[in-house]
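Next come the chains, spelled out residue by residue.
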Amino acid sequence: MQRERTFSVKNLIGGEWVGGNGREEPVYDPATGEVIAKTPLSTKNDVAAAVERAKAAFPGWAATPVTERARVMFRFKNLLEENFEELRDLVTLENGKDKKDAGGEVRRGIEVVEFACGMPTLMMGESVRDVARGVDNVSHRYPLGVVAAITPFNFPCMVPLWTIPVAVACGNTYILKPSERTPLSSQRLGELLGEAGLPDGVFNIVNGGREVVDSILEHPGIEAVSFVGSQPVAEHVYRNGAANGKRVQALAGAKNSMIVLPDAVLDQAVPNIISSAYGNAGERCLAGSVLVAVGEAGDKIVAEVKRQAENLKVGPGGEEGSELTPVIRDEHREKVRSYIDSGESEGAEVVLDGRTPPMDAGFFMGPTLLDGVTGEMKVAREEIFGPVLSVVRVDTLKEAVEFTNGSSFGNACSIFTENGAAVRYWRENIEAGMLGVNVGVAAPMAFFPFNGVKNSFYGDLHATGKDGVRFFTENKVEITRYFSKF
Ligand code: NAD
């Protein structure tokens, strides 16, 4: 089993796996608290070396026909399928989430590779003939050059796969800076890309933390940066990347409401709500972290959520039947605890209290349910990123929408109802970019954009879908006429 292995984490530069300079950060198994690897904390020089190799690989890769680039993606897809269980178990090991969630994230990542296999169609330009007598106008798509991605800990396989297949199949060369807390899945993806036949230098990994990020933002040889992570860092990346003339997409934090109307089908809605709030220990940017109960839905739903939440099986992600898995680090558990303290001191009722660790080893917490939360409380507005669900009670759907729109974030929102008119009112008025109707985690498929708005996203073109292709390419628009007559 993966757990018995310790891992050596290396950078991948120009097709070679190279060790760091001795500065490292421990990687923990969140289920046991044991150190399983060490992430090299790379420097500006490592970024410069990766850019040099990626730059050297660019002309050859960009000139490789799109059909051949797509074939590398077909081989990569097959290798991901063959190694599916290993990748799933690596995610569980380094992130802590359960096997079902880990398998779900690998599957979602593979779907982006499948999307990128269609790159010959996705990269098509447009044309209009005869815009004037004998004059045609066409556009062609080109890759940008060297691009970089910076990814978070909570989806160590899926988030890198949001951009690797699209950027690379478009003809760019690519540098990945994975989360220093979860570097193992990225390393395996690098090995599989090599096996799929990707030429050396097209895909590179530079491990590390802030110094690597800032070096990426400052390096003049990098054309575009895709970032996924917390709001303050997303804003930092967007501002500094743009100031240095780069194209930037920065996907940020979230505070997602789940609005429950009195006519909701409760026996279906509640398991969705539980899974959205407590699945992956609440460490999802699409986690429903605020339950907005409308009218008489309140008492019934809080009672049922409490009953099901207190019966969640707390345990390691690798163990069959575990429903509430550990958070990523002990410091993060402390932060989540301090949010629960603040909710309590601001007047919320602690219906379920997960602050006491249910077991000694690892970074586990119990489920927390806070009732009577109001819009002024920190727990209603800030991203907690832990297994904590706050309940806000309102009288009408209009108030539920107003409460939700009071958030600075706009990632996702779900509504639970059978009433189509209510859904329409909500869709037209809600300020969120990913909407779920009787779906607790409103994750778009790979061919749509991952569509946060407000402070959940900085930039113009989102990750995945056609937005992703546009982000990683630029157009040449050509107008043509010939003087010879036939
Ligand atoms: P994080 O912001 O701490 O880290 C993300 C990346 O930024 C990492 O690679 C990290 O090394 C780097 N980084 C961290 N601090 C930095 C700093 N001060 N300067 C420069 N770089 C820095 O995020 P995380 O804790 O790894 O991930 C969780 C966050 O990501 C949550 O806020 C979650 O909502 C968000 N997220 C958003 C989406 C989305 O699609 N909107 C998806 C997944 C996660």
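> Now, about the overall build of the chain: what can you tell me, with residues and values included?
A count of helices and strands for the chain gives 16 helices and 23 strands. For a compact globule of 486 residues, the expected C-alpha radius of gyration is about 23 Å, and the chain comes in at 23 Å, within 12% of that figure. Considered along the principal axes of its C-alpha atoms, the chain spans approximately 80 × 60 × 40 Å. By residue count, 57% of the 486 residues in the chain fall in the buried class. Contacts in the chain between residues far apart in sequence, at least 24 positions, make up 73% of those at least 6 positions apart. Working note: accessible area of the chain is about 19800 Å², and carbon and sulfur atoms make up 49% of it. When the 51 basic and 65 acidic side-chain charges of the chain are each reduced to a single mean position, those positions are 6 Å apart.

> Give me the lowdown on the sheet that holds strand E23 (residues 473-480), citing residues and values where you can.
To summarise the sheet geometry, strands pair through backbone hydrogen bonds and adopt either a parallel or an antiparallel arrangement. With antiparallel pairing, 3 strands are arranged side by side in an open sheet as E6-E7-E23. Edge strands, defined here as strands with exactly one partner in the open sheet, are strand E6 (127-132) and E23. When strand polarity is set aside, the average angle formed by the axes of neighbouring strands in this sheet is 25°. For strand E7 (residues 135-143) and E23, the ladder comprises 8 bridges, and the chain directions are antiparallel. Paired with His 140 across the strands is Lys 476, a residue of E23.

> Describe the site of the ligand, with residues and values.
Surrounding the ligand, one finds 26 residues, the nearest of these being Lys 177, Glu 180, Ser 230, Ala 252 and Glu 383. Contact distances for the ligand include 2.6 Å between an oxygen atom and a side-chain N or O atom of Lys 177. Burial of the ligand by the protein chains amounts to 89% of its free accessible area of 840 Å². Partitioning the shell around the ligand into residue classes produces 14 nonpolar, 7 polar and 5 charged. Counting the residues that make up the shell around the ligand, at least three belong to each of domain 1 (7-252 + 456-478) and domain 2 (256-437).

> Which residues make up the environment of Phe 7, and what values go with them?
Tracing the chain through its elements places Phe 7 in strand E1 (residues 7-8). Using a relative accessible area of 16% as the deciding quantity, one classes Phe 7 as buried. Sequence spacing of Phe 7 and Met 445 is 438 residues, and the spatial spacing of their C-alpha atoms is 32 Å.

> Mind laying out the sheet that holds strand E4 (residues 24-28), listing which residues take part and the relevant values?
Read from one edge to the other, the open sheet built from 3 strands follows the order E1-E5-E4, with strand pairing classed as mixed. At either margin of the open sheet sits one strand with a lone partner, and together these are E1 and E4. For E1 and strand E5 (residues 35-40), the ladder comprises 2 bridges, and the chain directions are parallel. Following the sheet pairing, Ser 8 is matched in E5 by Lys 38.

> For empty space enclosed by the protein, give the residues involved together with the corresponding values.
If you walk through the whole model with that rule in mind, you get 5 cavities of 30 Å³ or more. Around the largest cavity, the lining is made up of 15 residues, and of these Gly 282, Ala 287, Ser 289, Glu 383 and Phe 385 lie nearest the centre. Classifying every residue of the lining of the largest cavity by side-chain character gives 7 nonpolar, 5 polar and 3 charged. Lining the second largest cavity, in full, are Lys 255, Asn 256, Thr 404, Ser 407, Phe 409, Gly 410, Asn 411, Ala 412, Cys 413, Glu 431 and Ala 432.

> How would you summarise the packing of helix H10 (residues 266-278) against helix H11 (residues 297-310) if you had to cite specific residues and measurements?
A pair of packed helices is captured by two measures, namely the crossing angle of their axes and the spacing between those axes. It is at 10 Å that the axes of H10 and H11 come closest, and there the two elements cross at 55°. Relative to H11, the element H10 is oriented oblique. Regarding H10 and H11, the two cross each other, and that crossing is right-handed. In this structure, H10 contributes Leu 266, Val 270, Pro 271, Ile 273, Ile 274 and Tyr 278 to the contact, and H11 contributes Lys 300, Ile 301, Glu 304, Val 305, Gln 308 and Ala 309.

Cut-offs applied
- Residues numbered from 1 in each chain as written.
- Predicted model: local features only at pLDDT ≥ 70, side-chain atom pairs only at ≥ 80, totals over all residues.
- Heavy atoms only, no water.
- Helix = DSSP H or I, 4+ residues; strand = E, 2+ residues; numbered from the N terminus.
- Rg over C-alpha atoms; globule rule 2.2 N^0.38 Å.
- Buried < 20%, exposed > 50% of the residue type's maximum accessible area, 1.4 Å probe, protein only.
- Contact = heavy atoms within 4.5 Å.
- Areas by Shrake-Rupley, 256 points an atom, 1.4 Å probe, with all protein chains shown as cover.
- Lys, Arg positive; Asp, Glu negative; His and termini not counted.
- Charge placed at Lys NZ, Arg CZ, Asp CG, Glu CD.
- Pairing = 2+ DSSP bridges.
- Axes fitted to C-alpha atoms, helices over the stretch in contact; angles between N-to-C directions.
- Near = heavy atom within 4 Å.
- Polar contact = N/O pair within 3.5 Å; in protein donor to acceptor, adjacent residues only side chain to side chain.
- Nonpolar A, V, L, I, M, F, W, Y, C, P; charged D, E, K, R; others polar.
- Domains from an automatic or database assignment.
- 1 Å grid on protein atoms, 1.4 Å probe; cavity = no way out; pocket = protein on both sides within 12 Å on 5 of 7 lines; lining within 4 Å.
- Points joined across faces, edges and corners; volume = space filled by probe spheres on them.
- Parallel < 35°, antiparallel > 145°, perpendicular 65-115°, else oblique.
- Left-handed = near helix turned anticlockwise from the far one by under 90°.

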